[in-house]
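Architecture and fold: a report
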Amino acid sequence: MPGTVGFMRRIAVVPGSFDPVTLGHLDVIGRAAKIFDEVHVLVVHNPEKSPLLPVAQRAALLERSIADAALDGEIVVASWSVGLLVDYCTDVGASVLVKGMRSQVDIAYETPMAVVNRDLAGVETVFLLPDPTKSHVSSSLVRQVAALGGDVTPYVPRAVAEFMKHV
Ligand code: PNS
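Remember, it's a predicted structure, so these values are computed and weren't measured experimentally.

What about the pairing of strand S1 (residues 11–16)?
Burial runs high along S1: 6 of the 6 residues are buried. Of the two faces of S1, both are covered, the one formed by Ile11, Val13 and Pro15 as well as the one formed by Ala12, Val14 and Gly16. Here 6 bridges tie S1 to strand S2 (residues 38–44), and the two strands are oriented parallel to one another. Paired with Pro15 across the two strands is Leu42, which belongs to S2. Remark: the S1/helix H1 (residues 23–35)/S2 crossover connection has right-handed handedness. Bridge count between S1 and strand S4 (residues 96–100): 2 bridges; the pairing is parallel. Considered in S4, the bridge of Val13 is made with Leu97.

Structure (structure tokens):
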């Protein structure tokens, strides 16, 4: 508008199952929070997966881990179980989805979803590279190591490592 200085808040959504949150996730969330004015970390219920932890528990562990890591920036944790991911983006005014890109496998998996999300609602997807020391970490690996009695502390925030001892 003439005569006004416009400022648009850039809101991004970092979606995932976070079952549980890993150090790789935290790395990507921290990077996103440095780029965008507001980041919504969204725990998505994926009906195609049988989760280890309920959505509310995953969100609580995320909140605790983000607080413990003292990440810079404005970060909100939320959850979403009904409807399209881009519906959440529209509801909160987010124009960008952020995904961590660990390998070629992630590119192959994420690219079609990124195109469909753009077609559906004009929401763009930004891929961020995690620190290479974390690019082998996944929630499924953590669940497997924990289930077999192994130590998951190198892969997850402290609060998650503590929690997983009792799962
Ligand atoms: O951590 P995950 O399990 O890899 O996360 C996958 C997730 C939740 C990001 C993915 O399943 C997803 O984007 N779901 C949204 C469902 C949706 O809106 N689908 C239609 C367009 S792709």
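Some thoughts on the site of the ligand
Close contacts around the ligand come from Gly16, Ser17, Val44, Asn46, Lys49, Leu84, Leu85, Lys99, Met113, Val116 and Asn117, and that covers them all. Lys49 is positioned with one of its side-chain polar atoms (N or O) 2.5 Å from an oxygen atom of the ligand. Contacts to the ligand include Leu85, whose backbone N or O atom sits 2.9 Å from an oxygen atom. Notes on the ligand: free accessible area 560 Å², of which the protein chains cover 77%. At 3 residues, the largest contribution of residues to the shell around the ligand is made by helix H4 (residues 104–121). By residue class, the composition of the shell around the ligand is 5 nonpolar, 4 polar and 2 charged.

As for the pairing of strand S5 (residues 124–128)
Where S4 and S5 come together, 5 bridges link them in parallel fashion. Bridging from a neighbouring strand, Lys99 pairs with Phe127 of S5.

Looking at H1
For H1, with 13 residues, the first-to-last C-alpha span of 19 Å sits near the 18 Å given by 1.5 Å per residue. Looking only at H1, the buried set comprises Gly24, Leu26, Asp27, Val28, Ile29, Gly30, Ala32 and Ala33. Contacts from the buried residues of H1 go to S1, S2, helix H2 (55–69), strand S3 (75–80), S4 and S5. Two to three positions downstream of the cap, the backbone nitrogen of Gly24 sits 3.2 Å from a side-chain oxygen, assigning the N-cap of H1 to Thr22.

Quick notes on the pattern of salt bridges
A complete count under the given rule lists 11 salt bridges for this structure. Ionic pairing is found between Asp27 and Arg31, a salt bridge with its closest N-O pair at 2.7 Å. Here Asp27 and its partner Arg31 are both found in helix H1, 4 residues apart, which amounts to about one turn of the helix. Classification of Arg31 as partly exposed rests on a relative accessible area of 33%. Where Asp106 meets Arg102, a salt bridge forms, and the shortest distance between an N and an O atom there is 2.9 Å. Look at Asp106 and you get buried, because its relative accessible area is 9%. Classification of Arg102 by relative accessible area gives partly exposed; the value is 38%. A cluster of three or more residues bridged by salt bridges with shared partners is formed by Arg9, Glu38 and Glu74.

The rules we used
The residue numbering used here restarts from 1 in each chain and proceeds along that chain's sequence as written. In keeping with the model being predicted, local features are shown solely for residues with a pLDDT of at least 70 and side-chain atom pairs are shown and tallied solely at 80 or more, while totals for entire chains, interfaces and linings include all residues. Only hydrogens and water are set aside when side-chain values are computed; all heavy atoms of the structure are taken into account. Only protein chains enter the calculation, and the probe is 1.4 Å; a residue is then buried if its accessible area is under 20% of its type maximum, exposed if over 50%, and partly exposed in between. Per the convention used, a helix needs a DSSP run of H or I reaching at least four residues, while a strand needs a run of E reaching at least two, with both numbered from the N terminus. The pairing criterion for strands is at least two bridges between them, as found by DSSP. If you view a crossover with the strands going away from you and the path from the first strand over the helix to the second runs clockwise, you call it right-handed. Neighbouring residues are identified by heavy atoms, a residue being near a molecule or strand if any of them is within 4 Å of it. Throughout this description, a polar contact denotes any pair of N or O atoms lying within 3.5 Å of each other; where both atoms belong to protein, one of them has to be capable of donating a hydrogen while the other can accept it, and for residues adjacent in sequence the pair is counted only when both atoms sit in side chains. The method behind every accessible area is Shrake-Rupley, applied with a 1.4 Å probe, and residues are considered shielded solely by the protein chains displayed. Following the grouping adopted for this structure description, the nonpolar residues are Ala, Val, Leu, Ile, Met, Phe, Trp, Tyr, Cys and Pro, the charged ones are Asp, Glu, Lys and Arg, and the polar ones are all others, Gly among them. By this rule, a helix spans an expected 1.5 Å times one less than how many residues it contains. Throughout, a contact is declared for two residues whenever any of their heavy atoms are within 4.5 Å. Salt bridge, as applied in this entry: a Lys or Arg side-chain nitrogen positioned within 4 Å of an Asp or Glu carboxyl oxygen.

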